[in-house]
Structures are given as C-alpha cells and as structure tokens.
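Secondary and tertiary structure notes
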Amino acid sequence: MTSSLEQPPGSAVLALQRATHVTPRVLAAEPAGLGLTPSETNALAILADGRSRTVSELGTATGTRPTTLTSVLDRLERRGHITRGARPGDRRVVVIELTPSGREAAGTVRRTVGALEARALAGLSAESLAGFHHVLRALTEVLR
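Residues numbered from 1 in each chain as written. Predicted model: local features only at pLDDT ≥ 70, side-chain atom pairs only at ≥ 80, totals over all residues. Heavy atoms only, no water.

Re the overall build of the chain
Counting its secondary structure elements, the chain contains six helices and three strands. Going residue by residue from the N terminus, the α and β elements of the chain occur as α-α-β-α-α-β-β-α-α. For the C-alpha atoms alone, the extent of the chain along its principal axes is close to 60 × 35 × 25 Å. Counting all 144 residues of the chain, 24% fall into the buried class. Counting only contacts in the chain whose residues sit at least 6 apart along the sequence, the fraction spanning at least 24 positions is 52%. (Helix = DSSP H or I, 4+ residues; strand = E, 2+ residues; numbered from the N terminus. Buried < 20%, exposed > 50% of the residue type's maximum accessible area, 1.4 Å probe, protein only. Contact = heavy atoms within 4.5 Å.)

Focus: the pairing of strand S2 (residues 82-87)
Relative to strand S3 (residues 90-98), S2 is paired through six bridges, and the arrangement is antiparallel. Paired with Ala86 across the strands is Val94, a residue of S3. Between the antiparallel neighbours S2 and S3 lie two residues, among them Gly89 with a positive phi of about 90°. (Pairing = 2+ DSSP bridges.)

Side note on helix H1 (residues 12-29)
Compared with the 26 Å implied by 1.5 Å per residue over 18 residues, the 26 Å span of H1 between its first and last C-alpha is a close match. N-cap assignment for H1: the residue whose side-chain oxygen lies 3.4 Å from the backbone N of Val13 is Ser11. (Expected span 1.5 Å × (residues − 1). Polar contact = N/O pair within 3.5 Å; in protein donor to acceptor, adjacent residues only side chain to side chain.)

Observations regarding the nonpolar core
One finds Leu44, Leu58, Leu76 and Ile82 to be the most contacted residues of the largest nonpolar core, which totals 17 residues. When contributions to this core are tallied by element, the ones reaching two or more residues are helix H2 (38-47), helix H4 (66-78), S3 and helix H5 (100-121). Residue contributions to this core peak at five residues, all from H2. Aside from chain neighbours lying at most four places away, what touches Ile82 is Leu47, Leu73, Leu76, Glu77, Ile96, Glu97, Leu98 and Thr99. (Core = buried A, V, L, I, M, F, W, Y, C linked by side-chain atoms within 4.5 Å.)

Observations concerning the pairing of S3
Examined bridge by bridge, strand S1 (residues 53-54) and S3 share two bridges and lie antiparallel to one another. Its bridge partner lying in S3, Thr54 is registered against Val95.

Points about the environment of Leu44
Position of Leu44 relative to the elements: it lies in helix H2. In the structure, Leu44 is positioned 29 residues away from Ala15 in sequence and 25 Å away in space, judged by C-alpha atoms. Among all residues touching Leu44, those that are not within four sequence positions of it are Leu36, Leu76, Leu98, Gly102, Ala105, Ala106 and Val109.

The structure is reproduced here in structure tokens:
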C-alpha cells in the first residue's frame, strides 16, 4: 500500500487542483478565530509585507479577477483589516493598505502558511523544491 505522496506521477495540473482544494481548508482551520475565506487569506498573505498595493497590483499578485477582488476587499474593509484610498497625484488609482488589525491578521496568515509549508516541504530536497517552483511558473505563464 502506498501513501498519497508515493503515488506514481500523473497529471501535474490535476495534482495542483487537488492541492488547491485541500490547502484553503487547512489554512481556514489553522488561524484560530480569523474566519477568513481562501481569497481573503490570499490577499492578506500578499499584503503581510506591509507594502501598500494598488487594486491592480493585488489582483495580479493573488491571481484574482477584479470583480472577485472587489468583494474580497469589501469584506476585509468591513472587518477593519484594510483601508482603500487614492494614490497621491492620481486619485483614479485605489491603494490598499493594512490597518493595525489587518497587520495582525496578515501576520497570523503568514505564520500559518509558513508552518504549513515547513510541514509539507520538509522532506523535499532543494532541487525538488526548485523543480516544483519551475513547474508552477510554467503553468502560470501558460494559463495567463
């Protein structure tokens, strides 16, 4: 009997799809009390570095469609995790920034993601991990 990690190679796309369905459930259960959706978790993880982003930059970084991102940002703003404001010199550009509660939530998300990655990737060599990232970049480029 083989474990799921020992399965013979198959479709990389289907394996990625399986992982993307399981990962948000694990992340949602981990940050106790945050009650974030996968899209909210993704946005906060990107914003966790403390840099403000335009809506367009955040959409690109998260891989989220503009209409979906708008509803994600609405929810994060209602929770008091982000603010939206105009960019100085160009009021047409909306800039997203974390609030103090957003920084706290984003820090929790980053720590949770880091711990999950550490558990999941602990047995992989640097070469395997580099190959994994190469495959992800290739898929991302093809799917754009």
